[in-house]
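What follows is the residue order along each chain.
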Amino acid sequence: LKQAAAELGSREKGMLKAETGAQAQAQLQELLHAVGSGNGIDIRGVEEANVKPLGSDYGQVTVTVRFTCLIEQLVNLLSALANEPELLSTNDIQITGGPDKNKMIQMRLSLSGVVSKKIAQEKKAGGSL
């Protein structure tokens, strides 16, 4: 039992440390900006963001961004994200090429991280009609 608890503790170290869904989304956005910047990619703004349950014990926060880069930069970005200590996953990657002589591609990337169950269950602001 102690071994199982220790293993669970080490795995949960990769969860995003946040008190709210908005804070977790901001962490993911900042992570994307920092890793992108380190690979020469300007990733700003969020196209879409959401929080939902992940199984019965955790939550998943997702941030979707758009940016333009070279294919080599994309490969380096994805490799750098895989090496981050957080539990991250790419949910959706859409690549659009064009007649650009520099071979720039337009990217739409959705990145998710694991959060506590409490964050996934928080009430959304506003009411329903």
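This section reports on the structure supplied with the text.

Some thoughts on the overall build of the chain
Here is step 1 of the chain: Helix and strand content of the chain: 4 helices and 4 strands.
Here is step 2 of the chain: For the chain, the sequential pattern of α-helices and β-strands runs α-α-β-β-α-β-β-α.
Here is step 3 of the chain: Reported as C-alpha extents along the three principal axes, the dimensions of the chain are approximately 55 × 50 × 20 Å.
Here is step 4 of the chain: Every one of the 129 residues in the chain was classed for burial, and the buried ones make up 31%.

Structural notes on the environment of Gly38
Here is step 1 of the chain: Residue placement: Gly38 occurs in helix 2 (residues 21-38).
Here is step 2 of the chain: Look at Gly38 and you get exposed, because its relative accessible area is 67%.
Here is step 3 of the chain: Gly38 sits 35 residues away from Gln73 along the chain, and the two C-alpha atoms are 9.9 Å apart.

Topic: helix 3 (residues 71-82)
Along an α-helix, a turn takes 3.6 residues, which lines up residues three or four apart on a common side.
Here is step 1 of the chain: Along its 12 residues, helix 3 runs 17 Å from first to last C-alpha, staying within 8% of the 16 Å computed at 1.5 Å per residue.
Here is step 2 of the chain: Buried within helix 3 we find Gln73, Leu74, Leu77 and Leu81. The buried residues of helix 3 all sit within an arc of 100° when viewed along its axis, so they share a single face. Set apart from the buried face of helix 3 by more than 90 degrees, the exposed residues are Glu72, Val75 and Ala82.

A few points about the nonpolar core
Here is step 1 of the chain: One finds Leu32, Phe67, Leu77 and Leu81 to be the most contacted residues of the largest nonpolar core, which totals 25 residues.
Here is step 2 of the chain: Listed by contribution, the elements that provide at least two residues to this core are helix 2, strand 2 (58-70), helix 3, strand 4 (104-116) and helix 4 (117-120).
Here is step 3 of the chain: Here Phe67 is in contact with Ile41, Asp42, Ile43, Leu77, Ile105, Gln106, Met107 and Leu109, once residues within four sequence places are set aside.

Here's the deal with the environment of Lys13
Here is step 1 of the chain: Summarising the element assignment, Lys13 is placed in the loop between helix 1 (2-12) and helix 2.
Here is step 2 of the chain: By relative accessible area, which is 64% here, Lys13 ends up exposed.
Here is step 3 of the chain: Sequence-wise, Lys13 and Glu86 are 73 residues apart; in three dimensions their C-alpha atoms are separated by 7.6 Å.

Let's talk about the side chain of Ser110
Here is step 1 of the chain: As for its position among the elements, Ser110 is in strand 4.
Here is step 2 of the chain: Ignoring anything within four residues of it in the chain, the contact list for Ser110 reads Thr62, Val63, Thr64, Ser89, Thr90, Asn91 and Asp92.

Overview of the pairing of strand 1 (residues 48-54)
Taken residue by residue, a regular strand's side chains alternate between the two faces of the sheet.
Here is step 1 of the chain: Here 7 bridges tie strand 1 to strand 2, and the two strands are oriented antiparallel to one another. Pairing of Ala49 across the sheet is with Val63, part of strand 2.
Here is step 2 of the chain: Where strand 1 folds back onto strand 2 in an antiparallel hairpin, the turn is made up of 3 residues, including Gly55, whose phi is positive at roughly 70°.

Concerning unusual backbone geometry
Here is step 1 of the chain: At Lys103, a residue that is not glycine, the phi angle is positive and equals roughly 60°.
Here is step 2 of the chain: Mapped onto the elements of the fold, Lys103 is located in the loop between strand 3 (88-96) and strand 4.

Focus: the sheet that holds strand 2
Here is step 1 of the chain: Judged by pairing direction, the sheet is antiparallel, and its 4 strands sit side by side in the order 1-2-4-3 without closing on themselves. A single partner strand is all that each edge strand has here, and the edge strands are strand 1 and strand 3. Adjacent strand axes in the sheet meet at a mean angle of 20° when their direction is disregarded.
Here is step 2 of the chain: Packing of helix 2 onto the sheet brings it into contact with strand 1, strand 2, strand 3 and strand 4, and relative to strand 2 it is tilted by some 30°.
Here is step 3 of the chain: Along the sheet, helix 3 contacts strand 2, strand 3 and strand 4; its crossing angle with strand 2, the most-contacted strand, is approximately 155°.

What counts, and at which threshold
Residues numbered from 1 in each chain as written. Predicted model: local features only at pLDDT ≥ 70, side-chain atom pairs only at ≥ 80, totals over all residues. Heavy atoms only, no water. Helix = DSSP H or I, 4+ residues; strand = E, 2+ residues; numbered from the N terminus. Buried < 20%, exposed > 50% of the residue type's maximum accessible area, 1.4 Å probe, protein only. Expected span 1.5 Å × (residues − 1). Arc of directions from axis to C-beta. Core = buried A, V, L, I, M, F, W, Y, C linked by side-chain atoms within 4.5 Å. Contact = heavy atoms within 4.5 Å. Pairing = 2+ DSSP bridges. Axes fitted to C-alpha atoms, helices over the stretch in contact; angles between N-to-C directions.

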